[in-house]
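# Structural overview for review
Listed below, chain by chain, are the residues.
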Amino acid sequence: MHWADVIAEKLLEKGKEHVVSSGITPSGPIHVGSMREILTADAIARAIRDKGGEAELIYVADTADPLRKVYPFLENLGYEKWVGYPLAEIPAPNDEGTYADYFLNPFFEALNAVGVNPRVVDNYKAYKEGKYVNESKNACDNIEKIREILETVSGRQLPKNWFPWTFVNDDGKMISGKVLKYEWPIVEFEDENGDVFTNNIEKGEGKLPWRLDWPAKWNVLGVTFEAFGKDHATKGGSYDSGVKIVRDIYGGTEPEKTVYEWINLKGEGAMHSSTGLAISANEILEVIPPEVLRWLIMKPQPNRHIDFDPGIGILNLTGDYERVELDYNKNEEKTDVHRAYELSQVDTEMKESGDLLGQVKSYRNLLTLVQSKSSLDDMISSLKRIGILEESTEEIEEYLGKRVEYVKNWLARYAPDEIKFEIKKETPENEFDDEQKKVIKEIVTEFNAIEWNAEEIHNSFYRVQDKSEMEAKKIFEIVYLALLGQNYGPKMGFFLATNLEREFVVERLESY
RNA sequence: GGGCCUGUAGCUCAGCUAGGUAGAGCGUCCGGCUUUUAACCGGACGGCCCAGGGUUCGAAUCCCUGCAGGCCCGCCA
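Report on the accompanying structure. (Residues numbered from 1 in each chain as written. Chains lettered and ligands numbered in written order. Predicted model: local features only at pLDDT ≥ 70, side-chain atom pairs only at ≥ 80, totals over all residues. Heavy atoms only, no water.)

Another point: unusual backbone geometry. Cis geometry marks the peptide bond from Trp184 to Pro185; its omega dihedral reads 0°. With respect to the helices and strands, Pro185 occurs in the loop between β6 (178-183) and β7 (186-190). Non-glycine residue Asn76 carries a positive phi angle of around 65°. Exposure remark for Asn76: the relative accessible area of 75% places this residue in the exposed category. (Helix = DSSP H or I, 4+ residues; strand = E, 2+ residues; numbered from the N terminus. Buried < 20%, exposed > 50% of the residue type's maximum accessible area, 1.4 Å probe, protein only.)

A contiguous patch of negative charge on the surface is contributed by Asp377, Asp378, Glu394, Glu395, Glu397 and Glu398. Every element with two or more residues in the negative patch is listed here: α15 (376-385) and α16 (394-413). With 4 residues, α16 is the largest single contributor of residues to the negative patch. Taking the relative accessible area as the measure of exposure, Glu397 reaches 32% and is therefore partly exposed. (Patch = residues over 30% accessible without salt bridge, like charges linked within 9 Å, V, L, I, M, F, W, Y side chains within 5 Å. Areas by Shrake-Rupley, 256 points an atom, 1.4 Å probe, with all protein chains shown as cover. Salt bridge = Lys/Arg side-chain N within 4 Å of Asp/Glu carboxyl O. Lys, Arg positive; Asp, Glu negative; His and termini not counted. Charge placed at Lys NZ, Arg CZ, Asp CG, Glu CD.)

Judged by how many residues are buried, helix α20 (residues 492-499) sits mostly within the fold: 8 of 8 residues are covered. Buried residues of α20: Met492, Gly493, Phe494, Phe495, Leu496, Ala497, Thr498 and Asn499, and no others.

Another point: the environment of Gly311. Within the secondary structure, Gly311 sits in the loop between β13 (306-308) and α12 (313-330). According to the relative accessible area criterion, Gly311 is buried, its value standing at 12%. Sequence separation between Gly311 and Lys330 is 19 residues, and the spatial gap between their C-alpha atoms is 30 Å. Apart from residues lying up to four places away in sequence, Gly311 is in contact with Trp410, Tyr414 and Pro416. (Contact = heavy atoms within 4.5 Å.)

We now examine the packing of helix α14 (residues 363-372) against α20. Where α14 meets α20, the closest approach of the two axes is 10 Å, and the angle between their N-to-C directions is 40°. Accordingly, the angle class assigned to the pair α14 and α20 is oblique. Considering the relative orientation of α14 and α20, their crossing is right-handed. Residues Asn365, Thr368, Leu369 and Ser372 of α14 lie in contact with α20, whose contacting residues are Phe494, Phe495, Thr498 and Asn499. Counted by class, the contact of α14 with α20 contains 3 nonpolar, 5 polar and no charged residues. (Axes fitted to C-alpha atoms, helices over the stretch in contact; angles between N-to-C directions. Parallel < 35°, antiparallel > 145°, perpendicular 65-115°, else oblique. Left-handed = near helix turned anticlockwise from the far one by under 90°. Nonpolar A, V, L, I, M, F, W, Y, C, P; charged D, E, K, R; others polar.)

Taken in spatial order, the 3 strands line up as β6-β7-β8 in an open sheet, and their pairing is antiparallel. The open sheet terminates on both sides in strands that have one partner only, identified here as β6 and β8 (196-200). Each adjacent strand pair in this sheet contributes to an overall mean axis angle of 20°, direction not counted. In this sheet, β7 lies alongside β6 in antiparallel orientation, the contact comprising 5 bridges. Counterpart to Tyr182 in the pairing with β7 is Val187. (Pairing = 2+ DSSP bridges.)

And the structure:
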């Protein structure tokens, strides 16, 4: 059984209705690794619904968190002065809206593209609206109990004057301080300079510290399931303390959990936006279709790490997906791999085979097409000319246009050189010997005689092989050299028939 | 120091929750389709299931002890 179904069944044993929560702090560009959290949650929510349960997917944006430091991507933008302020109150790098929105909005676009539509909870607003009042009061009234929990579970010593609240000073900066006086909902405290401030907890001036904030979310939102990274799962970590706090302090229950592994950039290590070693979710969606991004995460078990290779690995990833797609449509009996394919669909309604363009839509074939033709119109008329496409509709053009964009972007940004080629406008310099020149003549003769389609072109290479006793491989090389200036290239039949006029090819060959 | 995950065919992994004669994809080799930027179809080769112990009629699967790799323990997914 697919992992999402296993978890869903376990959850359904406990009840029919579920709240599946996930969340990320929008402190920078939200990268592919972060996608794993919400896509894992989404898969489980879908699996619950598929089995007749009800599931609501919630995304908590931790906009109340302070900016921790000046990240590499913030250097020289004057963010030093904003360190310590809530992300919801800091201006965006482009000065339009808040810092949090600046990073959240593109992420929501990405979520929308991959078919994830959670209810968004803005944590900053939630505090301001008093959503956490009960939990905050319980926390402030039970300092000693909480102290004991945190000290036992995490094994660390809390400061003498520890108070379960992160304060803000009059500027709105989040600071630590020493409590002078507490009388719900007002807390009076002193910062390290001896300045005295008051916060009204009821009004969300300040927030609960993380270890209390997380279980408060569980309680307020009624979370029954959450997938989170292993940093929170360590023994004595925030999940462990959260369990005790939600039970003993807030009077609720902890959610079921799944711990997922990180996504590494192949050969470089875990993605991490603060070190710049990360590819954002949006960047990836410019290079592969959304269903393939889902596939990247749906296929492996959550507890296995994923090596993401944006280079040649993209060909394997897309090829893998396309192979399973064909297999899915062929087989009645569905395996876990097929289930992973279902969960990779952007629309929950399964479409009839995605066979809109047959083999042409394959990433690999489009690589050839894109590198040979300058415009979408050219591509479409080529496809029509050789009969792969009977008639172009608006739907097809839009579909093909999107796929072409992915491939173009990949070629420009990540593709290794071996994959790239260019049809040379000027005849490339080649020193062909007599034998090769003889073969060229025979190729020209063949090309002039045949019907200009993929199959015939291929056949002609083998006829020349028989006549000339030169290996077909060598003959292919000659033609690649003449057209591309390199001794390798895309599948010849499809390539020539689709992309080049017979006259052009013949003329080029005759010029040697 | 504490913890989590992983260790099964050359590679990537499934199988382990509820023990019952070892699986897939890719690669390799052979054959076919008149063959290619790492295409398609059929077949074959290929594994002391990390090691050692235990439970059991029976263990890749459960328990214990090691070893190796990755990672986490700072409100970093």
